[in-house]
Amino acid sequence: MPLTSSQLDAYLARIGVGQPVSLDADGLAKLHRAHLMAFTWEALDAFMGWPSSIVPAVAFAKMVEGGRGGWCYEMNGLFGAALAALGFRVTRLCGGVNRELIGDIAIGNHLTLRVDLDRPYLAEVGLADAIVEPVPLAVGPISQRGFDFSIRPTDDGWLRFNNHANGLAHSFDFRPDHSDETAIAASRDWLMKDPGSPFTSALAILRHTADGYVALKNDCLRRVTAGSVSEQRITGAEHLADIFSSTFSLDVPEPGRVWEKIQAIA
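Residues numbered from 1 in each chain as written. Predicted model: local features only at pLDDT ≥ 70, side-chain atom pairs only at ≥ 80, totals over all residues. Heavy atoms only, no water.

A. View of the packing of helix H1 (residues 5-15) against helix H5 (residues 72-86). The geometry of H1 relative to H5 is characterised by a closest axis approach of 10 Å and an angle of 115° between their N-to-C directions. The handedness of the crossing between H1 and H5 comes out as left-handed. Facing Leu8, Tyr11 and Leu12 of H1, the residues of H5 in contact are Leu78, Phe79, Ala82, Ala85 and Leu86. Of the residues in the contact of H1 with H5, the class split is eight nonpolar, no polar and no charged. (Axes fitted to C-alpha atoms, helices over the stretch in contact; angles between N-to-C directions. Helix = DSSP H or I, 4+ residues; strand = E, 2+ residues; numbered from the N terminus. Left-handed = near helix turned anticlockwise from the far one by under 90°. Contact = heavy atoms within 4.5 Å. Nonpolar A, V, L, I, M, F, W, Y, C, P; charged D, E, K, R; others polar.)

B. Seen up close, unusual backbone geometry. Look at the link from Gln19 to Pro20: it is a cis peptide, with omega at 5°. Structurally, the position occupied by Pro20 is in the loop between H1 and helix H2 (25-38). One non-glycine residue, Asn98, lies in the positive phi region at around 60°. In this fold, Asn98 is placed in the loop between strand S2 (89-97) and helix H6 (99-102). Classification of Asn98 as buried rests on a relative accessible area of 18%. The backbone of Glu254 shows a phi angle near 50°, a positive value even though the residue is not glycine. (Buried < 20%, exposed > 50% of the residue type's maximum accessible area, 1.4 Å probe, protein only.)

C. Local environment of the pattern of salt bridges. The final tally for this structure, using the stated rule, is 15 salt bridges. In this structure, Glu74 and Lys62 form a salt bridge, with 3.1 Å as the shortest nitrogen-oxygen distance. With Glu74 in helix H5 and Lys62 in helix H4 (residues 56-65), the pair connects residues that are 12 residues apart, well separated along the chain. Both residues of the pair, Glu74 and Lys62, belong to the buried class. One salt bridge connects Arg233 with Asp219, and the closest N-O pair in it is separated by 2.9 Å. Here Arg233 is found in strand S13 (residues 229-233), whereas its partner Asp219 is found in the loop between strand S11 (212-217) and strand S12 (220-225), with 14 residues between them in sequence. Classification of Asp219 by relative accessible area gives partly exposed; the value is 22%. Each of the salt bridges in this network shares a partner with another, and the network as a whole consists of Glu42, Asp45, Lys62, Arg68 and Glu74. (Salt bridge = Lys/Arg side-chain N within 4 Å of Asp/Glu carboxyl O.)

Structural data, given as structure tokens:
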């Protein structure tokens, strides 16, 4: 469902984009980059066992009004709902992160977006550390900010988006016409609740910067550009709370409890 008019106004204010927005590739790119620079990718709800929803309106309340970020279902879900409200033609696609490694069980563990303009575009704000601007939905190499990506066909008729060399997820598979909300909902529930989920067993947070991104996995903070990687350790609950606020612009309830869980799994 598209955002309502009042929700759209609040969303655009949150990402710092004024109306009117041109319904073309330039307008889409402006929104795409602004969304990623305004919101942090984070899977805190899965890690902490906090309630979450796949519904874009719930993501709006959490991210726009609540000072939080979101993972693929929320990041791409909210972005798609905003694009639809603006008048873009958006299709929610059912993807599979690391399908090349784990097979078809991956299908549904990722939501991505196709936006139809003069040609189809892949709009992807939910893979954490990937593209910052949309790309034509076509086979070939992609380069942004010095990071190299690509879209390649698979042997079984899917398309594979290959992340950059330091990417947290190696790839995700999708088809330009494949939407399956049932599979998305089922995979999201598994990722939220199952002890085998990578998001229940480790804290993962990431935010784009002008030339790369900064990522937190448990107590390790990494700053990545196309030419460098640096790391530092989080030293305690107060340090973690400061990183949430200053580095990731997140309003996280009870950061001390998050630190306790990080320590418990270390």
